[in-house]
Amino acid sequence: MTEELGYEQARDELATVVATLEAGGLSLEDSLALWERGEVLARICAKHLAGARERVENALAAAESATE
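From a predicted model like this one, the values you see are computed outputs, not experimental measurements.

### Thoughts on the overall build of the protein
- Looking only at helices and strands, one finds two helices and zero strands in the protein.
- Scaling as 2.2 N^0.38, a compact globule of 68 residues should have a C-alpha radius of gyration of about 11 Å, whereas the protein reaches 18 Å, well beyond that.
- Expressed along its principal axes, the backbone C-alpha trace of the protein runs to roughly 60 × 25 × 15 Å.
- Going through the 68 residues of the protein one by one, you find that 9% of them count as buried.
- Pairs at least 24 apart in sequence give 68% of the contacts found in the protein among residues at least 6 apart.
- Approximately 5,400 Å² of the protein is accessible, and the part contributed by carbon and sulfur atoms is 57%.
- Of the side-chain charges in the protein, 6 are positive and 14 negative, and the distance between the mean point of each set is 3 Å.

### Some words on the nonpolar core
- Grouped together as the largest cluster of nonpolar side chains are five residues: Ala10, Val17, Leu41, Ile44 and Cys45.
- Those elements that place two or more of their residues in this core are α1 (7–23) and α2 (28–66).
- Of the residues forming this core, the biggest block, three residues, is contributed by α2.
- Those residues in contact with Ala10 that lie beyond four places of it in its chain are Leu5, Leu41, Ile44 and Cys45.

### What about the pattern of salt bridges?
- All chains considered together, the criterion is met by three salt bridges.
- Ionic pairing is found between Asp12 and Arg11, a salt bridge with its closest N-O pair at 3.1 Å.
- With relative accessibility at 37%, the residue Arg11 sits in the partly exposed group.

What counts, and where the lines are drawn
Residues numbered from 1 in each chain as written. Predicted model: local features only at pLDDT ≥ 70, side-chain atom pairs only at ≥ 80, totals over all residues. Heavy atoms only, no water. Helix = DSSP H or I, 4+ residues; strand = E, 2+ residues; numbered from the N terminus. Rg over C-alpha atoms; globule rule 2.2 N^0.38 Å. Buried < 20%, exposed > 50% of the residue type's maximum accessible area, 1.4 Å probe, protein only. Contact = heavy atoms within 4.5 Å. Areas by Shrake-Rupley, 256 points an atom, 1.4 Å probe, with all protein chains shown as cover. Lys, Arg positive; Asp, Glu negative; His and termini not counted. Charge placed at Lys NZ, Arg CZ, Asp CG, Glu CD. Core = buried A, V, L, I, M, F, W, Y, C linked by side-chain atoms within 4.5 Å. Salt bridge = Lys/Arg side-chain N within 4 Å of Asp/Glu carboxyl O.

Here you go:
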């Protein structure tokens, strides 16, 4: 199993995938493979963002409970 990409790496690769698909000129098979890679990258980004959101919410809750 390969190491999972960080958010910034996944985001940058996803942007490249989108630009390549938008430029066109690929075969159907290549387009599908690239689209599938984009789906994987989008899920990685969503996972990282969800984790960051949870950390912020936990930090805010801890700060709020500390001031009570």
